[in-house]
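Chain residues, written in single-letter form:
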Amino acid sequence: MSGTKRIGSALISVYHKDGLEPIVQELHRLGVTLYSTGGTQEFIEGLGIPVVPVEDLTSYPSILGGRVKTLHPKVFGGILGRRDLASDVAQLEEYAIPPIDLVVVDLYPFEATVAAGGSGPAIIEKIDIGGISLIRAGAKNHADVVIVASQAQYGDLLRILRDQDGTTDLAERKRLAGLAFGVSSHYDSAIRTWFTGEPADQPLLSGQPTHTLRYGENPHQAASFHGDLHGLFEQVQGKELSYNNLLDLDAALELIDDLATLPGVPFAILKHNNACGAAVRSTVKLAWDAALAGDPVSAFGGVLVTTAPIDRATAEAIDSIFFEIICAPGYAPEALDVLRRKKNRIILKRLAHGRMARKWRTALNGLLAQAPDQVIDGPSNMRTATRRAPTDAELQDLVFANILVKHTKSNAIVLARGAQLLASGTGQTSRVDALEQAIAKARKFNFDLHGAVMASDAFFPFPDCVTIAGAAGIAAVVQPGGSIKDQESVDACDERGMAMCITGNRHFKH
């Protein structure tokens, strides 16, 4: 192996001791000299394994309440000393500094302390100084040193110790060094975010678990996911989640969380990030039935999501169609028996509601960042612009339809009635095309549009959409407004006895 090195000494300084015992046992088996301090030293001694206290190496005790333990030339000289540089080797010998070949670090849990609502002083004390310095030193000198910067890399280290007897090549050490700098980058970004109160300036990919996906949007595209999927879901059954699955899940959960603000149980069916079925009802079974009725054809191969546990009756109804994923907060045991009839179905139990503070996407040679669209236009946001105000039932449907259109690719039109999606026009270059697509789709599934409502994600530049909607039987409309010709659309509604509400909030989605 190119640049082969064998581990002869190791410095171990970790906060969490989980998973450490087999590593220490393997290092002892290989005759590696161990250095440690504080709680880690006590842990190793408790295993009956010899360990040299860092204080014996430095001739200085841990001071300032443990704030200074490893920050000493005899520690960092042993890590940073270049083994192939004669002058470095001479100085190490002159000052009796033993070389350190392996550094194992697990940083203070800064993010966990913040998430737990720790006090300011408690959070400050969880800013690791010595650990982060050890990581950077070990990674910088990866030509000679193996750096393990988090528990996520313990598996790699165990493989090196067990299968390679502690021997590594330069490529392996460089890979671990890259992971180590990723840990330090993520850690510092989290600290900066806490101090400034602002989201990080770039996605915190470095410290997140990385899931290599089968492929991207298409089989010829490589892909990966950076984040803690296991913190969001328990996968009860099914194949590995794909790139497209994750995009659909993201869209589905954002939609269902908004629908959950309405009274009742929401159920949604999504394809290619757009809802093809959605409804809110008094029970999960009724919600499923109404959602499926919106477009039973597009539901084939869809992503199903709800906020209520799945019972057997709902599972039996769902079992009649082919779907990719179902995501719910729970499942009755008998419901799981039904859903498991097809082994490739992905069954997810939702555990948490995590979201990044900003939305990120690549553009040109950089990144675009924006705050998520968290606006839900409730009844108080609906300003009546026409002579006729919407009825209470129409107003409820306008709120429902406006949530759906917010989560539909632009240009978008949504038609709804009775808290049920009747049809939508999605991703059209013309708002008229979106409306005509929605009307045609509703009629295809035999929906009578008389008394239904229409939601638009952006303003109407001309009254043509109102004219077309009125002819189809639409009774009420909601749109953000903002066109210089808003009044023409309002007048068109008045001429047809339609109600129009204006929210002032556009909901483009690209």
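Now for a look at the structure at hand. Please read all numbers here as calculations on a predicted model, not as lab measurements.

**Regarding the packing of aromatic side chains**
- Inspection of every chain in the model, using the stated rule, returns 6 aromatic pairs.
- Aromatic side chains Tyr15 and Tyr108 sit 5.8 Å apart centroid to centroid with 70° between the ring planes, which places their arrangement in the edge-to-face category. Taken together, the residues span a long stretch of sequence, with Tyr15 in the loop between strand E2 (9-14) and helix H1 (21-29) and Tyr108 in the loop between strand E5 (102-106) and helix H6 (110-115) at a distance of 93 residues.
- Given the relative accessible area of 24%, Tyr108 is considered partly exposed.
- Here the aromatic rings of Phe300 and Phe322 are separated by 4.9 Å at their centres, their planes lie at 45°, and the arrangement is tilted. With Phe300 in the loop between helix H13 (284-294) and strand E13 (302-306) and Phe322 in the loop between helix H14 (312-318) and strand E14 (323-328), this pair connects stretches of sequence that are 22 residues apart.
- The rings of Phe110, Tyr187, Trp194 and Phe195 are connected pair by pair, giving a single aromatic cluster.

**Examining empty space enclosed by the protein**
- Applying the stated criterion across every chain yields a total of 1 cavity of 30 Å³ or more.
- Size it by volume and the largest cavity reaches roughly 40 Å³.
- For the largest cavity, the full set of lining residues is Ala251, Leu255, Leu270, Asn273, Ala275, Leu404, His407 and Thr408.
- Residues belonging to the lining of the largest cavity are distributed by class as follows: 5 nonpolar, 3 polar and no charged.

**Focus on the sheet that holds strand E4 (residues 52-53)**
- Ordered in space as E4-E3-E2-E5-E6, the 5 strands form an open sheet in which the pairing is parallel. Of all the strands in the sheet, just E4 and strand E6 (146-148) have a single pairing partner and so form its edges.
- One ladder, built from 4 bridges, connects E2 with strand E3 (residues 33-36); its direction is parallel. Counted as the bridge partner of Leu11 is Tyr35 from E3.

**What about the sheet that holds strand E19 (residues 413-416)?**
- Strands sit in the order E18-E23-E22-E21-E19-E20 across an open sheet of 6 strands; the sheet is mixed. With partners counted over all chains shown, the strands left at the sheet margins are strand E18 (383-384) and strand E20 (421-425), one partner each.
- In this structure, strand E21 (residues 453-456) lies alongside strand E22 (residues 476-479), joined through 3 bridges in parallel fashion. Its bridge partner lying in E22, Val453 is registered against Ala476.
- Where helix H16 (residues 392-406) meets the sheet, it contacts E19, E20, E21, E22 and strand E23 (499-502), and its direction lies at approximately 35° from that of E21.

The rules behind these values
Residues numbered from 1 in each chain as written. Predicted model: local features only at pLDDT ≥ 70, side-chain atom pairs only at ≥ 80, totals over all residues. Heavy atoms only, no water. Phe/Tyr/Trp six-rings, centres within 6.5 Å; stacked < 30°, edge-to-face > 60°. Helix = DSSP H or I, 4+ residues; strand = E, 2+ residues; numbered from the N terminus. Buried < 20%, exposed > 50% of the residue type's maximum accessible area, 1.4 Å probe, protein only. 1 Å grid on protein atoms, 1.4 Å probe; cavity = no way out; pocket = protein on both sides within 12 Å on 5 of 7 lines; lining within 4 Å. Points joined across faces, edges and corners; volume = space filled by probe spheres on them. Nonpolar A, V, L, I, M, F, W, Y, C, P; charged D, E, K, R; others polar. Pairing = 2+ DSSP bridges. Contact = heavy atoms within 4.5 Å. Axes fitted to C-alpha atoms, helices over the stretch in contact; angles between N-to-C directions.

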